[in-house]
Amino acid sequence: MDLSLSRPDEIVKMLCDRLRNERLSQQMTQADVAARAGVGVNTVSNLESGKNVGFENVIRVAMVLGRLSELEELFKPKVDSLDDILRYESSLKRQRIRKKTDDA
């Protein structure tokens, strides 16, 4: 699925549906997931319905459902060449990005 053509709310809905389907495929109730993740049942319910929950709670639920490998790919640096690797490594040393001036 090409997400570049989707709106953020469509992506949220898709991911929430996938989360719910994954929980159901593992034959777990929202209470089961909540207890194992150390969050409230309302948090799991809100997550499945696309309501705003903390990112840490998303990670906790992903851990319970055994889906951390997918999260590991999130924001992973794209390194297709040696130049990309060197550029990435040098960017790790930077602490701040300087604002561009109008003179440039």
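Sequence positions are assigned chain by chain, starting from 1 and proceeding in written order. Reporting of local features is limited, given that this is a predicted model, to residues whose pLDDT is at least 70; pairs of side-chain atoms are given and counted only at 80 or more, and all residues count toward the totals for whole chains, interfaces and linings. Only hydrogens and water are set aside; all other atoms, that is, all heavy atoms of the structure, feed into the side-chain values.

Let us look at unusual backbone geometry. Unlike most non-glycine residues, Gln27 shows phi in positive territory, near 55 degrees. Secondary structure follows DSSP: runs of H or I at least 4 residues long count as helices, runs of E at least 2 residues long count as strands, and numbering of each begins at the N terminus. Of note, Gln27 is situated in the loop between helix 1 (8-25) and helix 2 (30-37).

Moving on to the side chain of Glu22. For Glu22, the position within the fold is in helix 1. In the analysis that follows, any N or O atom pair within 3.5 Å is treated as a polar contact, provided that within protein one partner can donate a hydrogen and the other can accept it, and provided that, for residues neighboring in sequence, both atoms belong to side chains. Here Arg67 takes part through its side chain, which lies 2.6 Å from a polar atom of the side chain of Glu22. Beyond its immediate chain neighbours, meaning those up to four positions away, Glu22 contacts Leu65 and Arg67. It only takes one pair of heavy atoms within 4.5 Å for two residues to be counted as in contact.

Okay, the nonpolar core next. It is characteristic of soluble globular proteins that their nonpolar side chains tend to be buried jointly. Among buried residues, those of type Ala, Val, Leu, Ile, Met, Phe, Trp, Tyr and Cys that are joined through side-chain atoms within 4.5 Å constitute a nonpolar core. For every residue, the accessible area obtained with a 1.4 Å probe (protein chains only) is divided by the maximum for its type, and the residue is called buried under 20%, exposed over 50%, and partly exposed between those limits. Core analysis: the biggest nonpolar cluster contains twelve residues, these being Leu19, Met28, Val33, Ala34, Ala37, Val39, Val44, Leu47, Val53, Val61, Val64 and Leu65. Of all the secondary-structure elements, those providing two or more residues to this core are helix 2, helix 3 (41-48) and helix 4 (55-64). For this core, the leading source of residues is helix 2, giving three residues. Ala37 has contacts with Arg60, Val61 and Val64, leaving out every residue within four places of it along the chain.

What follows covers a nonpolar patch on the surface. Nonpolar side chains (Val, Leu, Ile, Met, Phe, Trp, Tyr) are joined into patches within 5 Å and like charges within 9 Å, using only residues with over 30% relative accessible area and no salt bridge. Only the protein chains shown count as cover for residues, with accessible areas throughout obtained via the Shrake-Rupley method and a probe of 1.4 Å. The working definition used for a salt bridge is a side-chain nitrogen of Lys or Arg within 4 Å of a carboxyl oxygen of Asp or Glu. A cluster of nonpolar side chains, namely Val79, Leu82, Ile85, Leu86 and Tyr88, defines an oily patch on the protein surface of about 440 Å² accessible area. Tracing the sequence through the fold places Val79 in the loop between helix 5 (68-72) and helix 6 (82-91).

This part covers the packing of helix 2 against helix 4. One way to put it is that helix 2 packs onto helix 4 with a least axis distance of 9 Å and a crossing angle of 105 degrees. Taken together, the axes of helix 2 and helix 4 are roughly perpendicular relative to one another. Contacts from Val33, Arg36 and Ala37 of helix 2 reach helix 4 at Arg60, Val61 and Val64. Broken down by class, the residue content of the contact of helix 2 with helix 4 amounts to four nonpolar, no polar and two charged. The axes are straight lines fitted to the C-alpha atoms, using for helices just the contacting stretch, and the angles between their N-to-C directions are given from 0 to 180°. In this scheme, roughly parallel covers angles under 35 degrees and roughly antiparallel covers those over 145, while 65 to 115 is roughly perpendicular and the rest are oblique. In this classification, the charged set is Asp, Glu, Lys and Arg, the nonpolar set is Ala, Val, Leu, Ile, Met, Phe, Trp, Tyr, Cys and Pro, and all remaining amino acids, among them Gly, are polar.

It is worth spelling out the pattern of salt bridges at this point. Inspection of every chain in the model, using the stated rule, returns seven salt bridges. Taking the shortest distance from any N to any O, the salt bridge between Asp9 and Arg7 comes out at 3.1 Å. Here the salt bridges share partners, and the residues they tie into one network are Arg7, Asp9 and Glu10.

Next up on the list: helix 4. For helix 4, the complete set of buried residues consists of Val61, Ala62 and Val64. An end-on view of helix 4 places all buried positions within 160 degrees of arc, on one side of the element. Opposite the buried face of helix 4, at more than 90 degrees from it, the exposed residues are Phe55 and Glu56. Where helix 4 is buried, its residues touch helix 1, helix 2, helix 3 and helix 5. Following helix 4 by one or two positions, Gly66 has its phi on the positive side, about 70 degrees. To be clear, the arc concerns the directions from the helix axis to the C-beta atoms.

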